[in-house]
Amino acid sequence: MPAVGFRFRARAGQRTLGALKAQLRLACEIHNALRRAGTDLHRRKGRGLTLMELRGLALDLRKRSEYYQRLRS
C-alpha cells in the first residue's frame, strides 16, 4: 500500500504569530513552575505530585497572577 502524505504550510499573520508565541511562552512557564514544585515535593517527602495536586497548583497560579490568566486550560 503506498504511503500518502499531505504537505501544506499554514501562514499566520504577525498579530496571530505574536499571540501564539505568547501562549507558548506562558504554557512553558507554567509547566516549568509545576515541574519545580513536583521536584521540591519529591525531595522533601519522597513522593511526587498527583494529577489532582498538579491541576490545583496550575489553577492557583492562574488565580493569583493576571499574567497567567491569559492562558486557558
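As the structure is a computational prediction, the values presented were derived from the model and not from experiment.

Student: Describe the overall build of the chain, naming the residues involved and giving the relevant values.
Tutor: On a plain count of helices and strands, the chain comes out with two helices and zero strands. In the chain, which comprises 73 residues, the proportion classed as buried is 15%. Taking as baseline every contact in the chain between residues at least 6 positions apart, the subset at least 24 positions apart corresponds to 44%. Carbon and sulfur atoms make up 55% of the accessible area of the chain, which totals about 6,800 Å².

Student: Explain the pattern of salt bridges residue by residue, including any values.
Tutor: As enumerated under the stated definition, the model contains one salt bridge in all. For Glu53, the salt bridge is made with Arg47, and the minimal N-O distance between the two is 3.3 Å. Exposure remark for Glu53: the relative accessible area of 28% places this residue in the partly exposed category.

Student: Which residues make up helix H2 (residues 51–64), and what are the values?
Tutor: End to end, H2 covers 20 Å across 14 residues, agreeing with the expected 20 Å (1.5 Å per residue, within 8%). Buried within H2 we find Ala58, Leu61 and Arg62. Each buried residue of H2 lies within a common arc of 95 degrees when the element is viewed along its axis, so the set occupies one face. Exposed positions of H2 whose direction lies more than 90 degrees from the buried face are Met52, Lys63 and Arg64. Buried residues in H2 make contact with helix H1 (14–45).

Student: Talk me through H1; I want residue IDs and the actual numbers.
Tutor: For H1, with 32 residues, the first-to-last C-alpha span of 46 Å sits near the 46 Å given by 1.5 Å per residue. Along H1, the positions that sit buried rather than exposed are Leu26, Ile30, Leu34, Gly38 and Leu41. Residues of H1 that are buried in the fold lie against H2. Backbone geometry just downstream of H1 places Gly46 in the positive-phi region, at approximately 80 degrees.

Parameters at a glance
- Residues numbered from 1 in each chain as written.
- Predicted model: local features only at pLDDT ≥ 70, side-chain atom pairs only at ≥ 80, totals over all residues.
- Heavy atoms only, no water.
- Helix = DSSP H or I, 4+ residues; strand = E, 2+ residues; numbered from the N terminus.
- Buried < 20%, exposed > 50% of the residue type's maximum accessible area, 1.4 Å probe, protein only.
- Contact = heavy atoms within 4.5 Å.
- Areas by Shrake-Rupley, 256 points an atom, 1.4 Å probe, with all protein chains shown as cover.
- Salt bridge = Lys/Arg side-chain N within 4 Å of Asp/Glu carboxyl O.
- Expected span 1.5 Å × (residues − 1).
- Arc of directions from axis to C-beta.

Take it as geometry only, folks, not as evidence of what the structure does.
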